[in-house]
Every structure is written in C-alpha cells, then in structure tokens.
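Chains, contacts and geometry: an overview
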Amino acid sequence: MNSFLTHGRIMGGLVTTPDLGAALADYRDMLGFALVEQGTVAPDLAAAWGCPASAGRAMAVLRPTSGAQCFIRLVEQPLPAGFVPTTTYGWASYEITVQDVFGWPARLAGSGFEIVGPPKEIPSLPYFVAMQVHGRGKEMLYFNEVRMNTPSSDLPPAGSAMDHIFIIILAAHDRAASIAWYRDGLGLDLGDTYTIEYSMINKAFDLPAGTTSALTMVQAGRMPIFEIDDYPPQAGPRPCLAGCLPPGNALVSLAVDSLDALTLDWIAAPERRAEAPYCGRRAATVRGPSGELLELIEIG
C-alpha cells in the first residue's frame, strides 16, 4: 500500500461546474494540476452516488504534480438557481496545501477563479497562511501555505506549487451530531475546538462584526481531515437539480481500511472500480448527517 494512503486520508474532492472546458483550463493550466483521465460519468457510478441524472455528463480527473494520490474530479452540469456558496449545509470548501500563497493572486489573473479572501497572516494562527477563491461552479477552495505543525496536528508542506487536499470543511446542520457520526461511524478522532470570528461565514450571511462561530477538527491521530463548522440559523439545505450531484463542492472521497468493518447505510453496495481515483479498489458512498455525499474507498 502506498504510504500516503492511510485510514482517513482524503483521496479527492469532486467539483460540479457549468463549463468543463473552461474549468479544466483553470485547474490544469492555471493551478497546474495534471490531467489523468477525461470522459463521462458512468451510469453505475452515478447510481452509486445516488445521482442518476449525472450519468453521461462530461468529467475530467486531475491530480497534483507532487504525485500525491489525491484527485480532483470536475463534472459538468448546470448551476441550480439560488445557489450561493457558504450559505448551505454540506461540503463548504476543500483546503489545498500550496507553496508561496502570496504569489497566487497574480498567477490567477485572467482565470475563472474569484479571490474572495486574499492571503493574510493571522498572528494568533502562525501555523499557516491561507487565501480563499470561488471557481466557475461556485466551489470554494482554500489555498494554505503551511508554516509549522499545530500543537495537536501535523500539517503537510506542499510538494508542488499546488498540491493535495488535506482538510475538508463541512457546513454542519448540527455540529455535535456530525462530530459523533464521523468519530463513531468511521473510527476517527476528535481534535481541537475553536471559537473564532469567521469572516467567510459572517460575510455570506451579512452578520455583524464580532459574531463568532465554533468549529471542531476531526482527525486520524495527528492527521487533520475535517473541519466541522457551526452554521447560523439562516443556513438551509443546498439546492440541487433533480437526481444530480450537489452544486459546487459536491462529493468527498476518503480512504478507509475496510468497508466491511463499517456499519453505514450505503447508497449502493460496494463495488470495485478500475479508473482513478479507485485504481482497482472497492468503493461505496453514504450521505452524512448534513446531506453531504461521502465516498469511501477501501485501501486495506
């Protein structure tokens, strides 16, 4: 087994986008991801996700040039009316480890990425420097330049200018329930909880300055995996086209030692798949407590 792949490792994030060609140019030519495969979503894969209407839609699979076994999939589908990032439950952002975060705004000029949070050093969080962008599908990405490990977790320095996803942010309907589901259902560990003035949430909901939100980290040992965020009462379910993948940050793929050891309610029975990111492994998908699609790939 590749030493990168351990229980709980993020193996990928899926983004839906209204224009695959333009999004591919953004991710491949601007961010520098390598194109692995291009084709369409197979009907049995769409069914495994519980999204049969996504069958046959154009898809591209990319990975970082560092060689990390973590993939980004782009699937073309229309944006539903009324979808606004950071206002609905589900996957809110993918955090990617990068080099030279202060150089990225200039590199993104002329791309389809909108910078919604420029790079900023926060004295109380010396562990990393982050920036935030929206893509053409209204997906949110955090670009994090790692400076040091935190007291309770190990943060991965980037091995390429744009490397792999290392934290997923979940906008939770019930933070405590989500923490328990990931801890007990997947055998993960509870990390630190922080209460902060969360600018992305406050801006999205037009909340007054000084409004704070709580977030909790879920880890595998010292490896961070999920940041589970409290969302205000104004948040609601994500609007989706009938039978399709959710808009924006649509689906997360996670490595697990054994599917048979988990007692989860699969959308469809586990199946072995040849293509990336599965590479001959079995996979199955569940819906988490906030409606998020979580695909589990067996590595044991």
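Attention here is on the structure that accompanies the text. (Residues numbered from 1 in each chain as written. Predicted model: local features only at pLDDT ≥ 70, side-chain atom pairs only at ≥ 80, totals over all residues. Heavy atoms only, no water.)

What follows covers the side chain of Gln219. Its place among the elements puts Gln219 in strand 11 (residues 213-220). We classify Gln219 as buried; its relative accessible area is 4%. Separated by 3.2 Å, the side chain of Gln219 and the backbone oxygen of Ser152 make a polar contact. A polar atom in the side chain of Gln219 sits 2.9 Å from the backbone oxygen of Gly221. (Helix = DSSP H or I, 4+ residues; strand = E, 2+ residues; numbered from the N terminus. Buried < 20%, exposed > 50% of the residue type's maximum accessible area, 1.4 Å probe, protein only. Polar contact = N/O pair within 3.5 Å; in protein donor to acceptor, adjacent residues only side chain to side chain.)

Moving on to the pattern of salt bridges. In total, this model carries 13 salt bridges according to the counting rule given. Among the salt bridges present, the one from Arg107 reaches Asp100, with a minimum N-O distance of 2.6 Å. Judged by relative accessible area, Arg107 falls into the partly exposed class, the value being 36%. Note that Arg222 and Asp154 form a salt bridge whose closest N and O atoms lie 2.9 Å from each other. Of the two residues, Arg222 sits in the loop between strand 11 and strand 12 (223-230) while Asp154 sits in the loop between strand 8 (140-146) and strand 9 (162-172), which places them 68 residues apart along the sequence. Taking relative accessible area as the criterion, Asp154 reaches 36% and is therefore assigned partly exposed. Because the salt bridges share partners, they merge into one network encompassing Asp44, Arg273 and Glu275. (Salt bridge = Lys/Arg side-chain N within 4 Å of Asp/Glu carboxyl O.)

Right, let's talk about the packing of aromatic side chains for a bit. The tally for this structure, following the rule as stated, stands at seven aromatic pairs. A ring pair is formed by Trp104 and Phe143, whose centres lie 6.1 Å apart and whose planes are at 50 degrees; its orientation type is tilted. Linking Trp104 in helix 3 (residues 104-107) with Phe143 in strand 8, this pair joins segments that are 39 residues apart in sequence. For the residue pair Trp104 and Phe143, the accessibility class agrees, reading buried in each case. With a centroid separation of 4.7 Å and an interplanar angle of 75 degrees, the aromatic rings of Trp181 and Tyr182 are classed as edge-to-face. Using a relative accessible area of 23% as the deciding quantity, one classes Trp181 as partly exposed. Looking at Tyr182, the relative accessible area reads 0%, which means it is buried. Aromatic rings pair up to connect Trp91, Trp181, Tyr182 and Phe226 into one cluster. If you follow Arg9 out to its NZ or CZ, it ends over the ring of Phe4, 4.0 Å from the centre. In this arrangement the basic side chain of Arg107 is found over the ring face of Trp104, its NZ or CZ atom lying 4.8 Å from the centre. (Phe/Tyr/Trp six-rings, centres within 6.5 Å; stacked < 30°, edge-to-face > 60°. Lys NZ or Arg CZ within 6 Å of the ring centre and 35° of its normal.)

Locating Asn202 in the fold gives a position in helix 5 (residues 199-204). One polar contact links the side chain of Asn202 to the main-chain carbonyl oxygen of Thr211, over a distance of 3.0 Å.

To continue, consider the sheet that holds strand 13 (residues 249-256). Read from one edge of the open sheet, eight strands run 2-3-4-1-13-16-15-14, paired in mixed fashion. In this open sheet, the two edge strands, each paired with only one partner strand, are strand 2 (34-40) and strand 14 (271-272). Summarising the sheet, strand 13 and strand 16 (residues 293-298) pair through six bridges and their orientation is parallel. What sits directly across from Ala255, in strand 16, is Ile297. Across the sheet, helix 1 (residues 20-30) touches strand 1 (10-17), strand 2, strand 3 (58-63) and strand 4 (71-76), and the angle it forms with strand 3 is around 5 degrees. (Pairing = 2+ DSSP bridges. Contact = heavy atoms within 4.5 Å. Axes fitted to C-alpha atoms, helices over the stretch in contact; angles between N-to-C directions.)

Further remarks concern the environment of Ala172. Position of Ala172 among the secondary structure elements: in strand 9. In the structure, Ala172 is positioned 56 residues away from Ile228 in sequence and 6.3 Å away in space, judged by C-alpha atoms. When residues no more than four places from it in sequence are discounted, the contact partners of Ala172 are Tyr89, Ser178, Ile228, Asp229, Tyr231 and Ser290.

Moving on to the state of the cysteines. By definition, a disulfide is the covalent link that joins the sulfur atoms of two cysteine residues. Across all of its chains, the model carries zero disulfides by this definition. With no disulfide of its own, Cys51 has Cys244 as its nearest cysteine by sulfur position, at a separation of 7.5 Å. Classification of Cys51 by relative accessible area gives buried; the value is 0%. Unpaired in this structure, Cys240 has its nearest cysteine sulfur neighbour in Cys51, at a distance of 7.6 Å. On the basis of relative accessibility, which here comes to 41%, the residue Cys240 falls in the partly exposed class. (Disulfide = S-S within 2.5 Å.)

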